[in-house]
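Fold and contact review
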Amino acid sequence: MKPLVTLRSKAVPLLRDNIDTDAIIPSREMRSVSKDGLADGLFAGWRYTTINGREIVPDFVLNRPESQGARILLAGANFGCGSSREHAVWALSEFGFRVVIALSFSPIFQGNCIRNGIAPIVLPVEAVERIASGTAQGDWVTVDLQACEVRTDDHTFAFVMEDEARTMLIEGADAIELTLRRRAEIEGFFARDAEERPWIYLSD
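In this report, the structure presented in the accompanying data block is examined. (Residues numbered from 1 in each chain as written. Predicted model: local features only at pLDDT ≥ 70, side-chain atom pairs only at ≥ 80, totals over all residues. Heavy atoms only, no water.)

1. Comments concerning the overall build of the chain
Selection rule: Secondary structure follows DSSP: runs of H or I at least 4 residues long count as helices, runs of E at least 2 residues long count as strands, and numbering of each begins at the N terminus. Only protein chains enter the accessibility calculation, which uses a 1.4 Å probe; a residue is then buried when its area is under 20% of its type maximum, exposed when over 50%, and partly exposed in between. What makes two residues a contact is simply this: any of their non-hydrogen atoms within 4.5 Å. Counted charges follow a simple rule, with Lys and Arg positive, Asp and Glu negative, and His plus the chain ends left uncounted. Lysine's charge is taken at NZ, arginine's at CZ, aspartate's at CG and glutamate's at CD.
Scanning the chain from N- to C-terminus turns up 8 helices and 8 strands. Seen along its three principal axes, the alpha-carbon backbone of the chain occupies a region of about 70 × 40 × 25 Å. When each of the 204 residues of the chain is scored for burial, the buried share is 45%. Sequence separation of at least 24 residues holds for 63% of the intrachain contacts in the chain that already meet a minimum separation of 6. For the chain, the distance from the average position of its 22 positive side-chain charges to the average position of its 30 negative side-chain charges is 4 Å.

Next up, the structure:
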């Protein structure tokens, strides 16, 4: 994964609650098992005028000129609910989003975000609405994972993220890489255990 330490970007406000994974990427848009080729299907049911078509809905927030190039998505409560499909996170990532700021997340979706390099940040409704209001005025947003802060032109909002998740994002490391960093400890444990309980390690 590409490390994510700080990010300054425009933000796209999609302030709806209970946006599920089928809204993020409908199943009809999942035409491969890879992470590639999914960006066009992101929010396809809202971005396009017809099913399987590509004529855009001009007033949908992702299609507006001021949203182009944005890497931060603002959302409501329970974002990413529904199925556990990882394609939803892959589509957001390929489209260019590195941060989703929401009132709350589905736990499975939140874990999928972290494993794929997207920072899922929870803020209270007042903070999300204030960020959205500033975005409408042209403000940019800075996300700082080291300081655990989201900053706008005139406000700073603190957030909480588990240390392991934050380390994975900042260092661009997955769970396996973090585990392998403690390889010496793991091997030492098994060595001590083999001395104390050798019968467990006997092979046929």
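There is more to say, and it comes next.
2. With respect to the pattern of salt bridges
Keep this limit in mind: What makes a salt bridge here is a side-chain nitrogen of Lys or Arg within 4 Å of a carboxyl oxygen of Asp or Glu, nothing more.
This structure, assessed with the given rule, holds 6 salt bridges. Between R85 and D22 there is a salt bridge; the shortest N-O distance is 3.1 Å. Residue R85 is found in the loop between β3 (72-75) and α3 (87-95), and its partner D22 is found in helix α1 (residues 21-24); the two are separated by 63 residues along the sequence. Residue D22 is classed as partly exposed on the basis of its relative accessible area, which comes to 38%. The partner of E29 in a salt bridge is R54, with the nearest N and O atoms 2.8 Å apart. Residue E29 is found in the loop between α1 and α2 (44-47), and its partner R54 is found in the loop between α2 and β3; the two are separated by 25 residues along the sequence. Taking the relative accessible area as the measure of exposure, R54 reaches 36% and is therefore partly exposed. Overlapping salt bridges bring together E29, R31 and R54 as one network.

3. What about the layout of surface pockets?
Our working rule: Buriedness of a pocket was judged along seven lines, with at least five required to meet protein on both sides within 12 Å; pockets are open sets of points on a 1 Å grid over the protein atoms alone, cavities are sets where a 1.4 Å probe fits but cannot get out, and lining residues have an atom within 4 Å of a point. Grid points are joined across faces, edges and corners, and a volume is the space filled by probe spheres set on the points.
Counted as a void, the largest pocket has a volume near 210 Å³. Surrounding the largest pocket, Q110, G111, I114, R115, P120, V122, V160, M161, E162, E164, A165 and M168 form its lining. Mapped onto the lining of the largest pocket, the elements with two or more residues apiece are α4 (107-115), β5 (119-122) and α6 (163-171). Here the lining of the largest pocket takes 4 residues from α4, the largest share from any one element.

4. Structural notes on the sheet that holds strand β7 (residues 149-151)
How we decide: For two strands to be treated as a pair, DSSP must find at least two bridges joining them. Each axis is a line fitted through C-alpha atoms, taken for helices only over the stretch in contact, and angles between the N-to-C directions span 0 to 180 degrees.
Across the sheet, which stays open at both edges, the 4 strands sit in the order β1-β6-β7-β8 with antiparallel pairing between neighbours. Of all the strands in the sheet, just β1 (6-9) and β8 (156-158) have a single pairing partner and so form its edges. Averaged over all neighbouring strand pairs, the angle between strand axes comes to 15°, with direction disregarded. With 3 bridges joining them, β7 and β8 adopt antiparallel strand pairing. Opposite V150, over in β8, you have F157 as the bridge partner. Against the sheet, helix α5 (residues 125-136) engages β6 (141-144), β7 and β8, with an angle of about 150° to β8.

5. Quick look at the sheet that holds β5
Across the sheet, 4 strands lie side by side as β2-β3-β4-β5; this open sheet has parallel pairing. Each edge of the open sheet is held by one strand with a lone partner, namely β2 (11-14) and β5. Each adjacent strand pair in this sheet contributes to an overall mean axis angle of 20°, direction not counted.

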